Amino acid sequence: MKGLYKNIIINSEIDKTQLAVLIDPDKMKLKNVSTFIEKVKRSIATHILIGGSEVKENIVDAFITEIKSHTNLPVILFPGDINQIARNADGILFLSLISGRNPEYLIGKQIEAVPKLANTSLEIIPTGYILIENGKKTSVERVSETIPMSRSNIDLICDTAKAGEFLGMKLIYLEAGSGATHPIEPTIISKVKSTLNIPLIVGGGIRTKMDLDKAIIAGADLVVIGTAFEEDETFFEELLKPELKITAN
Ligand code: 1GP
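Residues numbered from 1 in each chain as written. Predicted model: local features only at pLDDT ≥ 70, side-chain atom pairs only at ≥ 80, totals over all residues. Heavy atoms only, no water.

Draft legend 1. Molecular detail of the side chain of T138. Looking at the element boundaries, T138 is found in the loop between β5 (123–131) and α5 (139–144). Once residues within four sequence positions are removed from consideration, T138 is found in contact with L131, A176, G177 and S178. (Helix = DSSP H or I, 4+ residues; strand = E, 2+ residues; numbered from the N terminus. Contact = heavy atoms within 4.5 Å.)

Draft legend 2. Summary view of the site of the ligand. Near the ligand lie 13 residues; those nearest to it are Y173, E175, G179, G205 and T227. At 2.7 Å from an oxygen atom of the ligand is found a main-chain nitrogen or oxygen belonging to G179. Interatomic distance of 3.1 Å between a backbone N/O atom of G204 and an oxygen atom of the ligand. Cavity membership is defined here by more than half of the atoms lying within 2 Å of grid points; on that basis the ligand lies in the largest pocket. (Near = heavy atom within 4 Å. Polar contact = N/O pair within 3.5 Å; in protein donor to acceptor, adjacent residues only side chain to side chain. 1 Å grid on protein atoms, 1.4 Å probe; cavity = no way out; pocket = protein on both sides within 12 Å on 5 of 7 lines; lining within 4 Å. Sits in = over half its atoms within 2 Å of the grid points.)

Draft legend 3. Region of interest: the layout of surface pockets. By volume, the largest pocket is sized at about 660 Å³. If you go around the largest pocket, you meet 44 residues; those closest to its centre are G52, F78, P79, G80 and Y129. Of all the secondary structure elements, the ones that give two or more residues to the lining of the largest pocket are β4 (91–97), α4 (103–117), α5, β6 (171–175), β8 (222–225) and α9 (227–231). Among the elements that make up the lining of the largest pocket, the one with the highest residue count is β4 (6 residues). (Points joined across faces, edges and corners; volume = space filled by probe spheres on them.)

Draft legend 4. Focus on the pairing of β5. Where burial is concerned, most of β5 is hidden: 7 out of the 9 residues are buried. Taken together, β4, α4 and β5 form a β-α-β motif whose crossover is right-handed. (Buried < 20%, exposed > 50% of the residue type's maximum accessible area, 1.4 Å probe, protein only. Right-handed = clockwise from strand over helix to strand, strands pointing away.)

Draft legend 5. Inspection of the pattern of salt bridges at higher detail. Summed over all chains, the structure comprises 12 salt bridges. A salt bridge links E133 to R151, with the shortest nitrogen-to-oxygen separation between them at 3.6 Å. Taken together, the residues span a long stretch of sequence, with E133 in the loop between β5 and α5 and R151 in the loop between α5 and α6 (154–166) at a distance of 18 residues. Here R151 falls in the partly exposed class, since its relative accessible area comes to 23%. The closest approach of N and O atoms between R207 and E231, which form a salt bridge, is 3.0 Å. Residue R207 is located in the loop between β7 (200–203) and α8 (209–218), and its partner E231 is located in helix α9; the two are separated by 24 residues in the primary sequence. (Salt bridge = Lys/Arg side-chain N within 4 Å of Asp/Glu carboxyl O.)

Draft legend 6. Here's a closer look at the sheet that holds β8. Taken in spatial order, the 8 strands of this closed barrel run β1-β2-β3-β4-β5-β6-β7-β8, and their pairing is parallel. Strand-to-strand twist in this sheet, taken as the mean axis angle between neighbours without regard to direction, amounts to 30°. Strand direction decides the pairing type here: strand β1 (residues 19–23) and β8, joined by 3 bridges, are parallel. Across the sheet, the residue bridging to L19 is V223, located in β8. Packing against the sheet, helix α2 (residues 33–42) makes contact with β1 and β2 (47–50), and its axis sits at approximately 170° to β1. (Pairing = 2+ DSSP bridges. Axes fitted to C-alpha atoms, helices over the stretch in contact; angles between N-to-C directions.)

Draft legend 7. Main features of the environment of T181. Counting through the fold element by element, T181 comes out in the loop between β6 and α7 (186–195). Separated by 161 residues in sequence, T181 and A20 place their C-alpha atoms 19 Å apart. T181 has contacts with N134, G135 and K136, leaving out every residue within four places of it along the chain.

Draft legend 8. Highlighting the packing of α6 against α7. The interhelical angle for the contact between α6 and α7, taken along N-to-C directions, is 40°, at an axis separation of 9 Å. Our classification of the angle between α6 and α7 gives oblique. With respect to the hand of their crossing, α6 and α7 are arranged in right-handed fashion. Seen from α6, the contacting residues are I154, I157, C158, A161, K162 and E165; seen from α7, they are T187, I188, K191, V192 and T195. (Parallel < 35°, antiparallel > 145°, perpendicular 65-115°, else oblique. Left-handed = near helix turned anticlockwise from the far one by under 90°.)

Draft legend 9. Examining the packing of aromatic side chains more closely. Overall, the coordinates contain 6 aromatic pairs when judged by the stated rule. Judged by centre distance (5.3 Å) and plane angle (80°), the rings of F36 and F236 are edge-to-face. Here F36, found in helix α2, pairs with F236, found in the segment after α9; they are 200 residues apart in sequence, far enough to count as distant. Each of the two residues, F36 as well as F236, counts as buried. For the pair F78 and Y173, a centre-to-centre distance of 5.1 Å together with 10° between the ring planes defines the contact as stacked. In this pair, F78 sits in the loop between β3 (75–77) and β4 while Y173 sits in strand β6, placing the two residues 95 residues apart along the sequence. Connected via pairs of aromatic rings, a cluster forms that spans F36, F229, F235 and F236. Between the NZ or CZ atom of K170 and the centre of the ring of Y5, over which it lies, the distance is 5.3 Å. (Phe/Tyr/Trp six-rings, centres within 6.5 Å; stacked < 30°, edge-to-face > 60°. Lys NZ or Arg CZ within 6 Å of the ring centre and 35° of its normal.)

In structure tokens:
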């Protein structure tokens, strides 16, 4: 599958809601993937992201094989470490944690990843990853040993995002962290979006349809939700494709 990035741009231009369901193989059993994906397919989800902060080696491939046997939705790696790079995905968010000052997560892991990416057909999408504090310490903060950006310094968040764009990154990902207490505020999303000429991903702590709508209205081009689906798969019912909704006559 080619053109993942191009499609994100096209969908964004026509204001199509783009929702990525995040599957963390550390938090889901392989045998439950098929029923989970059936629910994903009935929803408005447009992408599947796969990865996590602490995924055991060599299980990502098996998850992707299983996911792809049930859906044609694009599967994009969202790796917490290089052991999560699997060649059977469609693409990879090639992340650099530009909110942090840990060289390992700015450039070190990326160099280590190069031999693993050689001879794959993965679409590599350079992504500036910005972690913003959300009220509790999340696993990204713990694993990366970086300090999240303060929610109150919006100018600095905007400048960081713009610096990512100037460095040639194709996407900016505003991250509140998995299971965040508060999602990224719409004010932050809209200011960052107005600064950028590249698509914006927003994730972390989005638990309701209203949170999703707020992020989209504020300017997120792609919203990522993981924990809310892990905790309650009935949430998919609130995000059904329009044609599957029962209309009252
Ligand atoms: C985490 O942004 C993603 O990296 C999704 O966060 O699990 O809180 O939805 P949640």
